[in-house]
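Chain by chain, the residues:
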Amino acid sequence: MPVTVSPAFAWPTTVVSMTDISHTLIIGGGSGMGLALARSLLADGLEVTIAGRSRDRLDAAAVDLGSDRLHTAPVDIADEDSVRRLFQGIGRLGHVVVTAADMSHGYAPLAQLPLADARGVIDTKVLGPWLVAKYAAPVLAESFTVTSGIAAYRPAVNGTVVATANAALEGLVRALALELAPVRVNAVSPGWVDTPIWTSLAGDAKDERLAAMAARLPVGRIGHPDDIAAAFRAVLDNGFLTGTVLHVDGGHHLV
Ligand SMILES: NC(=O)c1ccc[n+]([C@@H]2O[C@H](COP(=O)([O-])OP(=O)(O)OC[C@H]3O[C@@H](n4cnc5c(N)ncnc54)[C@H](OP(=O)(O)O)[C@@H]3O)[C@@H](O)[C@H]2O)c1
């Protein structure tokens, strides 16, 4: 509902409703870090829309979150028409966060990585956020935040395209921070975090892989989605932060 103001205090510019300003769109919010962020925002009484490709995943997340301030919307950020449709009729937004990425075909030795698979990673990790920025800009009031990753700094063997995509995304953040100003644009860069992405990357070896990773980190553990949700909250809430990459990686960048 729009804010009602008396004529004596009428503001000279368009009044954005408080409901809209408190509305955050999380693309990728059906699972992992995005889902943890949705839970955190809802717990503070804010309005949230989670978006992703799988209707089943969004429905399961909605049941899990169980809030009448939660909305769901289908989108594939690799598809411009789909992104355009998402923003038609969504109304004013305070914040947009992108955690979506499809890395399932991103890891392979250079000689065995088909160009189509490399492009698939770039499409969701780099051009997806670029498309979201393009269509979100007219309705976005406060901040745009994307999800980079430790691979930009500590690339894995057989991870050329994943390292490239994360580094490129951070370049996009700096450019958008100027072009979308005064909307703030930042990246959160997670280290290894226990989310469903590892099921697709490691399969049955997930627990073993994560335990081995934990032993290598200064903090001695893998990240939890709530660790990253807290970092997103810090970025969303700090009005002096823009063009920045916030590292939340248990010290991974040091080892
Ligand atoms: N987990 C880690 O260790 C780690 C480390 C560094 C960086 N990251 C980055 O952190 C971000 C969040 O990952 P996560 O760990 O939370 O994984 P996740 O649970 O797999 O979340 C990714 C979400 O993105 C959605 N998605 C994937 N492709 C999409 C597309 N084309 N359009 C719209 N939605 C799409 C997925 O839902 P649908 O499949 O239903 O679309 C899913 O809900 C990713 O960018 C990832 O690269 C993760």
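Further up the page is the structure itself.
Quick caveat: nothing in here was measured; it's all calculated off a predicted structure. (Residues numbered from 1 in each chain as written. Predicted model: local features only at pLDDT ≥ 70, side-chain atom pairs only at ≥ 80, totals over all residues. Heavy atoms only, no water.)

Let us look at the pattern of salt bridges. Counted under the stated rule, the structure contains nine salt bridges. With a shortest N-O distance of 3.0 Å, D44 and R233 are connected by a salt bridge. Of this pair, D44 sits in the loop between α2 (32-43) and β2 (47-52) while R233 sits in helix α9 (residues 225-237), and the two are 189 residues apart along the sequence. (Salt bridge = Lys/Arg side-chain N within 4 Å of Asp/Glu carboxyl O. Helix = DSSP H or I, 4+ residues; strand = E, 2+ residues; numbered from the N terminus.)

Ordered in space as β3-β2-β1-β4-β5-β6-β7, the seven strands form an open sheet in which the pairing is parallel. Two strands lie at the open edges of the sheet, namely β3 (70-74) and β7 (245-248), each paired on one side alone. Pairwise comparison of adjacent strand axes, ignoring direction, gives a mean angle of 20° for this sheet. Alignment of strand β1 (residues 23-27) against strand β4 (residues 93-98), held across four bridges, turns out to be parallel. Bridge pairing in β4 places I26 opposite V97. Contacting β1, β2, β3, β4, β5 (140-147) and β6 (184-190), α2 runs over the sheet at an angle of about 165° to β1. Across the face of the sheet, helix α6 (residues 160-179) comes into contact with β5, β6 and β7 while running at roughly 160° to β6. (Pairing = 2+ DSSP bridges. Axes fitted to C-alpha atoms, helices over the stretch in contact; angles between N-to-C directions. Contact = heavy atoms within 4.5 Å.)

Close contacts around the ligand come from 28 residues, with S31, R53, V193, T195 and W198 the closest. Contacts to the ligand include S31, whose side-chain N or O atom sits 2.8 Å from an oxygen atom. At 2.4 Å from an oxygen atom of the ligand is found a side-chain nitrogen or oxygen belonging to T195. Protein burial of the ligand: of its 880 Å² of free accessible surface, 93% is covered by the chains. Breaking the shell around the ligand down by element, the ones donating at least two residues are α2, α5 (115-136) and α7 (197-202). Taken together, the residues that form the shell around the ligand break down as eleven nonpolar, twelve polar and five charged. (Near = heavy atom within 4 Å. Polar contact = N/O pair within 3.5 Å; in protein donor to acceptor, adjacent residues only side chain to side chain. Areas by Shrake-Rupley, 256 points an atom, 1.4 Å probe, with all protein chains shown as cover. Nonpolar A, V, L, I, M, F, W, Y, C, P; charged D, E, K, R; others polar.)

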